[in-house]
Amino acid sequence: MAIASTVRRAYAWHGVSVLILLAFAASLYFASKQIDYTWRWQRLPQYLISTGGAEVPAPFDGTVKIEADGKTLSITPLLGGGAAQKVTDVEVPQVGDGEVVFKGNTLGKKPGISAGPLLIGLWLTLRISAVSLVFALILGVLAGLGRVSQNPAARDVSSFYVEVIRGTPLLVQLFIAYFFFAPTLHLSAFSAGVFGLSVFTGAYIAEIVRAGIQAVPKGQTEAAQSLGLSGLQNLRHVILPQAIKKILPPLAGQFINLIKDSSLVSVMALTDLTKAGREVVSSTFSPFEVWFTVALMYLILTGGLSLVVNRFEKRLSRHD
Amino acid sequence: MTDPTVLISASNIEKRYPNGTLGLKSASLSVASGEVVVIVGPSGSGKSTLLRTLNGLETITGGEITIDGHVLHERAADLRRLRTSVGMVFQQFNLFPHLCVLDNLMLAPLKVLKLNPAEARARAEKLLVKVGLDDKAGAHPAQLSGGQQQRVAIARALAMQPKVMLFDEPTSALDPEMVGEVLEVMKQLAAEGMTMCVVTHEMGFARAVADRVVFMDRGEIVCEDAPAEFFGAPKHERLKTFLRQVLKA
């Protein structure tokens, strides 16, 4: 009886939270009414999935010749004098016969369904986050090990790295990556974005790794030492397997931060989800719908990731 | 040093902490092969510190320690080699919680002694029988009682086939009803002729098993004697006070 009534009371409170959320949504709606905003959700789907056809880019700099069928373009390279390349199924050519095109220019459109700008932006966000994550992990683990190393040089360098990165804003770091490192190291905008994001996230991962290692009781190292294990063997077989369980939850949080932080690369000529959102706003004049949709898309990415990590964590903690 | 029966010889060990306080004052101790030496004393007297210097877990600022004729170097490789001949059992067991009991015993023989897995396994299983825990080979430390964990820790140290075993208050973290099972294993080891150095508050164990009892106070070795004289006719004033306090309880 008592349990049944407790369960019933819990359900009642869940009902209350649904009501609170509904009230919040309603107040947003009426607030937008106040400023005379017309919601046009019907405009959004075409920016997710485009039925207008996919754009066909020029493969290299060259001169266009339209073949007899009107759908095949053959392009002769401007430089190097290689053989002409045929681009087929261009339903609506947007270039004229004999016109000079440069790599990436739109030649025309292919019919059919394709990803709209928001989905293309989402894909770039996903790619840049995933690649940055790999490099950030490598950097973070190395710097984290450096922080707890016996070697003073390793400690100094890692501390310097962590302090400098954590003490400066990510936006400024991305500008430095884009305006200084991209031209000096000959990086593309994408690589510069990956560079900036992984160096930034790596510093935070380093602190997570350091804290995880230091959370393993000192007695573990003493036991390993007394058995004659070397420092490396101790790290590999005793410390890291225990530290990983302590590292994983904050690490997942850091990965989610990375996905969100990646929105800042929109300042460096990269059309990620945020930049795509800005472009769609300027062509639809529907900022409310677009930004809510963009937020939802980020939420799906981060929510999916935390689900995966939760499952992984459960598997790791089976033995405690 | 020339006496071949001396396994551990510590002479004039001094341990000064960075803040200037002295942890050990000119402590000298030698342990012969097959001997059981029990170190007692009030808390903070430096007995654990002295024990931990004997396998290099604690650095020293003066004196010299030799194990089986080799000077305990600060050089990592030498220190590591010497440590394999000195087993250590800790107050808090310090088992590896992520490994099952069998893997706890096999890790060092596999990685340090480079035994093949079958050999290491056979050795581990034999030791688990010896400490009465062969049915717990697949269990993880968290599934065992304190007494069982400490017996696993003893077996883990024995798996390296050390020449001497150091025990740092092995029963102090145990519930009273589990102290007996751990002391039983230690008595059995002593009877088999293992060289042992034990820091403990178990006066009964000292009286029954020790060949020699050492009394430490304020970082120095005050006196040492055979257990009968040590407990029956204490000569030193500080020892008398100490014994009155611990035996009264």
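Details of the structure are given in the entry above.
An account of the accompanying structure is given in this report.

The rules behind these values
- Residues numbered from 1 in each chain as written.
- Chains lettered and ligands numbered in written order.
- Predicted model: local features only at pLDDT ≥ 70, side-chain atom pairs only at ≥ 80, totals over all residues.
- Heavy atoms only, no water.
- Contact = heavy atoms within 4.5 Å.
- Buried area = accessible area lost by both parts, 1.4 Å probe.
- Salt bridge = Lys/Arg side-chain N within 4 Å of Asp/Glu carboxyl O.
- Helix = DSSP H or I, 4+ residues; strand = E, 2+ residues; numbered from the N terminus.
- Nonpolar A, V, L, I, M, F, W, Y, C, P; charged D, E, K, R; others polar.
- Phe/Tyr/Trp six-rings, centres within 6.5 Å; stacked < 30°, edge-to-face > 60°.
- Buried < 20%, exposed > 50% of the residue type's maximum accessible area, 1.4 Å probe, protein only.
- Lys NZ or Arg CZ within 6 Å of the ring centre and 35° of its normal.

1. Looking at the interface of chain B and chain A
With 23 residues of chain B at the interface, the matching set in chain A holds 17 residues. Both faces combined, the contact of chain B with chain A buries some 1,800 Å², and carbon together with sulfur accounts for 62% of it. Three residues, B:Arg80, B:Phe96 and B:His98, lead the burial of chain B against chain A; their summed loss comes to 27% of the area buried on that side. Our count for the chain B to chain A interface comes out at 1 salt bridge. We note a salt bridge from B:Arg52 to A:Glu222, for which the minimum N-O separation is 2.7 Å. The element that contributes the greatest number of residues to the side of chain B that touches chain A is helix 3 (residues 101–111) of chain B, accounting for 3 residues. For the side of chain B that touches chain A, the class distribution of residues is 12 nonpolar, 5 polar and 6 charged.

2. Description of the packing of aromatic side chains
Under the counting rule described, the total for this entry stands at 13 aromatic pairs over all chains. Both rings, one in A:Trp39 and one in A:Trp41, keep their centres 6.0 Å apart while their planes meet at 15°; by these two values the pair is stacked. The class of A:Trp39 is partly exposed, set by a relative accessible area of 24%. A ring pair is formed by A:Phe175 and A:Phe179, whose centres lie 6.0 Å apart and whose planes are at 25°; its orientation type is stacked. Of this pair, A:Phe175 and A:Phe179 both sit in helix 5 (residues 170–184), separated by 4 residues, roughly a single helical turn. Residue class for A:Phe175 comes out partly exposed when judged on its relative accessible area of 32%. Here the aromatic residues A:Tyr37, A:Trp39, A:Trp41, A:Phe288 and A:Phe292 are joined through ring pairs into a cluster of three or more. Stacked on the ring of B:Phe96, the Lys or Arg B:Arg156 has its end atom at 4.6 Å from the ring centre. The ring of B:Phe231 has B:Arg207 sitting right over it, with the charged end atom 4.7 Å from the ring centre.

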